[in-house]
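For reference, the chains in residue letters:
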Amino acid sequence: MPRTDVTRFRHNQAILAGAVVATIGALPLASSRPYLLPVLVVPLAVAVWAWRAGTDADVRGLRVRALAGERRIPWDQVVELAADPRGRAVAQLDDGRWIMLPAVRGVDLPRLVAASGRDAAVPERDAPGSDQ
C-alpha cells in the first residue's frame, strides 16, 4: 500500500490538559459518595474528544473524526470549501449538505486545499448564513 501524506487538523492540546486537571480535581468529589461517580464522566469525555476529534486530509479525501465516530469523504463529493461567519471551515457536498470540519479554521483552508493535491483557488465567499 503506498504511503500518502496526511495533513492533520486537531484542537489545541490545552483542552486535553484542562480535562486531565478537571478529572484530577473531580476525583475527591466523586470518591466521597457513590452517586457522585458520574461527575467523572464529563471531564473524561472532554479528554477523549480533545484527543480524538479533528480532520485529516490527503489526496484521497477528508476523514472527519468526532468523539464516537468518523466519516470518510472523497474529494469528488466535495463541491466547495468555505468559512462560516464564526471562522470555522465547512465543506459543501454534492448532495447540498454542509459539513463542519472539526479543528479546521477558515485560515487553514489553503493548507486543506494543498493536501488534496489539486490546484484550486480557495473561495472568498462565506458559507450560507453569513451577514455579507
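Above this note sits the structure.
Residues numbered from 1 in each chain as written. Predicted model: local features only at pLDDT ≥ 70, side-chain atom pairs only at ≥ 80, totals over all residues. Heavy atoms only, no water.

Engineer: Hey, could you run me through helix α2 (residues 41-52) in this one?
Structural biologist: Each α-helix turn comprises 3.6 residues. Residues three or four places apart therefore point the same way. In this model α2 runs 16 Å from its N-terminal to its C-terminal C-alpha over 12 residues, within 8% of the 16 Å that 1.5 Å per residue would give. Residues Pro43, Ala47, Ala50 and Arg52 constitute the buried set of α2. Elements that come into contact with the buried residues of α2 comprise β1 (7-10), α1 (14-32), β2 (54-57), β3 (61-65) and β4 (70-74). (Helix = DSSP H or I, 4+ residues; strand = E, 2+ residues; numbered from the N terminus. Expected span 1.5 Å × (residues − 1). Buried < 20%, exposed > 50% of the residue type's maximum accessible area, 1.4 Å probe, protein only. Contact = heavy atoms within 4.5 Å.)

Engineer: What's the story with the sheet that holds β4 in this structure? I'm lost.
Structural biologist: Sheet strands associate in pairs through backbone hydrogen bonding, adopting either a parallel or an antiparallel arrangement. Read from one edge of the open sheet, 4 strands run β1-β2-β3-β4, paired in antiparallel fashion. Each end of this open sheet is capped by a strand with a single partner; those strands are β1 and β4. Taking each pair of neighbouring strands and ignoring which way they run, the sheet shows an average axis angle of 15°. Pairing of β2 with β3 involves 4 bridges; the strand directions are antiparallel. By the bridge assignment for β3, Thr55 is matched with Val64. (Pairing = 2+ DSSP bridges. Axes fitted to C-alpha atoms, helices over the stretch in contact; angles between N-to-C directions.)

Engineer: Quick question: what am I supposed to make of the pattern of salt bridges here?
Structural biologist: Opposite charge on two side chains permits pairing when their charged atoms draw close. Enumeration according to the criterion identifies 10 salt bridges in this entry. Arg72 is the salt-bridge partner of Asp58, the closest N and O atoms lying 3.3 Å from each other. On the criterion of sequence distance, the pair formed by Asp58 in the loop between β2 and β3 and Arg72 in strand β4 is long-range, its members being 14 residues apart. The buried category is assigned to Asp58, whose relative accessible area is 3%. Put simply, Asp108 and Arg111 hold a salt bridge, and the shortest N to O gap is 4.0 Å. In the salt-bridge network here, residues are joined through shared partners; they are Arg10, Arg52, Asp56, Arg63 and Glu70. (Salt bridge = Lys/Arg side-chain N within 4 Å of Asp/Glu carboxyl O.)

Engineer: Looking at this structure, how should I read α1?
Structural biologist: Across its 19 residues, α1 extends 28 Å between first and last C-alpha, which sits within 8% of the 27 Å expected from 1.5 Å per residue. At Ala26, α1 shows its maximal kink, close to 35°; a proline, Pro28, follows between one and four residues later. The complete set of buried residues in α1 reads Ala19, Thr23, Ala26 and Ala30. Each element contacted by the buried residues of α1 is listed here: α2. (Bend = angle between axes of the 7 residues up to and from the residue.)

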